[in-house]
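Letter by letter, the chains look like this.
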Amino acid sequence: MKPNSLGMIAALALVFSACGSGEVLAPPDDDTNQDDPLIQVGSEGGFVPVEYNLSRGPTFTITRGGRFVFPGVTTLEFPGRLILPIFEADLNDEQMAEVMSLLEEIGIADITDEHDNSVNNVADATTEVLEYWDEDGLHRYSVYALGITDQSTSDATAAFAELFDYLHELAGSLGGTEYQPDQVRVVAGVYRGGFDPEFEDHRDWPIAGENPDDWEVFTNIGDETWTCKVFDATVLTEFADARQTAIWAHPSESADAENFQLLVRPLHPGEEGCDI
């Protein structure tokens, strides 16, 4: 975002506050790092495979400079791409002002960590999570089964649902360009079967000089250990044509070495290392 756009956001914020109740959150100051995240929205839980949970990151990120990172369109082809498309676009002043207005309606600046679990008649739904950063640190608001029922739970949840819909609307209308990440997370687990043999794609180990047995332990699930390492964006070229059913040979090339399944994801702004 251009530096002189902040004044425009402030002016638009006054317009939004005059139309509603309460004062709209102030836009980020000039002296903040414009590449730092302002908000991130994502999903947690739900009835999904382990691998999906381990590879899931934020759905949306807006940086303090107005950079919007969002999922691209996926096709119905099977097997799908190993690395799902992510796009980015710069929000204009009016769009940023609308985001700030909705954050104020949620009351996110006054929330430390709250969870709305009032919808109790829906099983295996995801929890939608909003994270917002200001000078006081991280503020987190989460809602189970957001938007699945018409049940009105609270003003904050209603405003979160409106923000959620608005971000989806922006993602569908902006077009944007392919996201250029700074870092890419690669998570490795021993392949235990499960892919349809018709679609298995056996490949050589893709990253020279790397052995996932030596990487940081990402998580333990039952008897399975998943390890992780973060690389710069050049590693993406090694996975450009890979599909989700790719099975990767152990780098030792030993006859009795186990194969790996790899989960590869560009990190959003503000994400660090192998933190889950």
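Bear in mind that the values here come from a model prediction, so they are computed numbers and not experimental data.

Caption draft 1: Region of interest: the nonpolar core. Membership of the largest hydrophobic core comes to 31 residues, with the highest contact counts inside it found for Ile39, Phe68, Leu103, Ile106, Leu130 and Leu167. Only β1 (37-45), β2 (60-63), β3 (67-71), α3 (93-106), β6 (126-134), β7 (137-144) and α4 (155-173) provide two or more residues apiece to this core. Here this core takes nine residues from α4, the largest share from any one element. Those residues in contact with Phe68, other than ones at most four positions away along the chain, are Phe60, Thr61, Ile62, Phe87, Glu88, Ala89, Leu91, Leu167, Leu170, Ala171 and Leu174. By size, the runner-up hydrophobic cluster in this structure holds 18 residues, among which are Val186, Ala188, Trp215 and Phe260.

Caption draft 2: Representation of empty space enclosed by the protein in the model. By the definition in use, this model includes one cavity of 30 Å³ or more. Its boundaries defined by the atoms lining it, the largest cavity holds a volume of some 30 Å³. Surrounding the largest cavity, Leu54, Ser55, Arg185, Val187, Leu263 and Arg265 form its lining. Of all elements in the fold, only α2 (50-55), β9 (183-190) and β14 (260-266) reach the threshold of two or more residues within the lining of the largest cavity.

Caption draft 3: Highlighting the layout of surface pockets. Its boundaries defined by the atoms lining it, the largest pocket holds a volume of some 950 Å³. Surrounding the largest pocket, 35 residues form its lining, Tyr52, Ser55, Arg56, Leu84 and Gln244 being those nearest its centre. For the lining of the largest pocket, the secondary structure elements donating two or more residues are α2, β3, α4, β13 (246-248) and β14. For the lining of the largest pocket, the element with the highest residue contribution is β14, accounting for six residues. Class assignment for the residues of the lining of the largest pocket results in 20 nonpolar, ten polar and five charged.

Caption draft 4: Examining the state of the cysteines more closely. Applying the stated criterion across every chain, the model contains one disulfide. In this model Cys228 forms its disulfide with Cys274; the gap between the sulfur atoms is 2.0 Å. Where Cys228 bonds to Cys274 through sulfur, the torsion about that S-S bond is close to -85°, and the disulfide is left-handed. Of the two residues, Cys228 is situated in strand β12 (residues 224-232) and Cys274 in the segment after β14; the sequence distance between them amounts to 46 residues. In this pair, the class of Cys228 matches that of Cys274, namely buried.

The rules behind each value
- Residues numbered from 1 in each chain as written.
- Predicted model: local features only at pLDDT ≥ 70, side-chain atom pairs only at ≥ 80, totals over all residues.
- Heavy atoms only, no water.
- Core = buried A, V, L, I, M, F, W, Y, C linked by side-chain atoms within 4.5 Å.
- Buried < 20%, exposed > 50% of the residue type's maximum accessible area, 1.4 Å probe, protein only.
- Helix = DSSP H or I, 4+ residues; strand = E, 2+ residues; numbered from the N terminus.
- Contact = heavy atoms within 4.5 Å.
- 1 Å grid on protein atoms, 1.4 Å probe; cavity = no way out; pocket = protein on both sides within 12 Å on 5 of 7 lines; lining within 4 Å.
- Points joined across faces, edges and corners; volume = space filled by probe spheres on them.
- Nonpolar A, V, L, I, M, F, W, Y, C, P; charged D, E, K, R; others polar.
- Disulfide = S-S within 2.5 Å.

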